[in-house]
Amino acid sequence: MTIAAITLLGAALAGCGDRGNGNAKAQSSTLTTAVSAWNAIHAEVPTSSFNRTVTAANDSNHLLGRPHQYTSAIKFKDRRVKGDDIVATDQYDVSWGGGIEVFDSNDDAKARAKYIQAVTKSMPMFAEYDYVHGPVVIRVSHYLTPTQAAEYDKAAATLG
């Protein structure tokens, strides 16, 4: 391949990004990480505690960094969830409190929440509250009451 052909191919590939659908990373929230979201939410919901940063090595969903999936994620606990009530044995499961997932676009975050709701709809033991704020999905344990879970939604309202 000639240098001219390589240059032309590079220019063509550079133009294959988001074409103004309003959901580009640069147009999404200025919040870029799940840890940043966690800090903002925890300030408003002090019953929560940081549990783990999701990495490629410990991501049980195997979605971190995959196309249209979360770019960062964390798990948290909420002390109002009673350990005796929890069916899940994994101490990092959303049932213990919740999780925060951050995406490159608002559409990807909405798609993730819609997928989770579809999967858990017929399985009440896996149900959860899911709140989408811009490119951020806040997943909250169904062991919290609707009023308690709504605290996370309210706290996340400034995220996106």
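Residues numbered from 1 in each chain as written. Predicted model: local features only at pLDDT ≥ 70, side-chain atom pairs only at ≥ 80, totals over all residues. Heavy atoms only, no water.

1. Remarks on the overall build of the protein chain
Then step 1. A count of helices and strands for the protein chain gives 4 helices and 5 strands.
Then step 2. Counting from the amino terminus, helix and strand elements in the protein chain follow one another as α-α-β-β-β-α-β-β-α.
Then step 3. Within the protein chain, the proportion of its 160 residues that are buried is 38%.
Then step 4. In the protein chain, of all internal contacts separated by at least 6 residues, the share reaching a separation of at least 24 is 60%.
Then step 5. Looking at the protein chain as shown, the accessible area adds up to about 9100 Å², and 57% of this sits on carbon and sulfur atoms. (Helix = DSSP H or I, 4+ residues; strand = E, 2+ residues; numbered from the N terminus. Buried < 20%, exposed > 50% of the residue type's maximum accessible area, 1.4 Å probe, protein only. Contact = heavy atoms within 4.5 Å. Areas by Shrake-Rupley, 256 points an atom, 1.4 Å probe, with all protein chains shown as cover.)

2. Observations regarding the environment of G65
Then step 1. Following the sequence through the fold, G65 ends up in the loop between β1 (48-53) and β2 (72-78).
Then step 2. Put simply, G65 and D104 are 39 residues apart on the chain and 9.8 Å apart in space, counted from C-alpha to C-alpha.

3. Overview of unusual backbone geometry
Then step 1. Positive phi, close to 55 degrees, is recorded for H62, a residue that is not glycine.
Then step 2. Here H62 falls in the exposed class, since its relative accessible area comes to 52%.
Then step 3. Of note, the phi angle at H68 is positive, near 65 degrees, even though the residue is not glycine.
Then step 4. Relative to the helices and strands, H68 is located in the loop between β1 and β2.
Then step 5. A relative accessible area of 58% means that H68 is categorised as exposed.

4. Topic: the packing of aromatic side chains
Then step 1. Under the definition given, this model contains 5 aromatic pairs.
Then step 2. For the pair Y70 and F103, a centre-to-centre distance of 6.1 Å together with 85 degrees between the ring planes defines the contact as edge-to-face. One end of the pair, Y70, is in the loop between β1 and β2; the other, F103, is in the loop between β3 (97-102) and α3 (106-120), with 33 residues separating them in the sequence. Neither residue differs from the other here; Y70 and F103 are each classed as buried.
Then step 3. Joined through ring pairs, the aromatic side chains of W38, F50, F76 and Y152 make up one cluster.
Then step 4. Stacked on the ring of W96, the Lys or Arg K77 has its end atom at 5.1 Å from the ring centre. (Phe/Tyr/Trp six-rings, centres within 6.5 Å; stacked < 30°, edge-to-face > 60°. Lys NZ or Arg CZ within 6 Å of the ring centre and 35° of its normal.)

5. Digging into the side chain of D108
Then step 1. Topologically, D108 is positioned in helix α3.
Then step 2. Leave out the neighbours within four places in its chain, and D108 touches H68 and F103.

6. Here's the deal with a nonpolar patch on the surface
Then step 1. Taken together, V87, Y115, V119, M123, M125 and F126 make up a surface patch of nonpolar side chains, about 550 Å² in accessible area.
Then step 2. For V119, a relative accessible area of 34% corresponds to the partly exposed category. (Patch = residues over 30% accessible without salt bridge, like charges linked within 9 Å, V, L, I, M, F, W, Y side chains within 5 Å. Salt bridge = Lys/Arg side-chain N within 4 Å of Asp/Glu carboxyl O.)

7. A few points about helix α4 (residues 146-156)
Then step 1. Those residues of α4 lying buried are Q148, A149, Y152, A155 and A156. For α4, the buried positions fall inside an angular range of 115 degrees around the axis, keeping them on one side. Among the exposed residues of α4, those oriented more than 90 degrees off its buried face are P146, T147 and K154.
Then step 2. Tucked inside the fold, the buried residues of α4 contact α2 (34-44), β1, β2, β4 (128-133) and β5 (136-141). (Arc of directions from axis to C-beta.)

8. Digging into the environment of H68
Then step 1. For the pair H68 and F103, spaced 35 residues apart in sequence, the C-alpha to C-alpha distance is 7.3 Å.
Then step 2. Every residue in contact with H68, bar those within four places of it in the chain, is listed here: F103 and D108.
Then step 3. Among the polar contacts listed, one links the side chain of H68 to the side chain of D108, at a separation of 3.2 Å. (Polar contact = N/O pair within 3.5 Å; in protein donor to acceptor, adjacent residues only side chain to side chain.)

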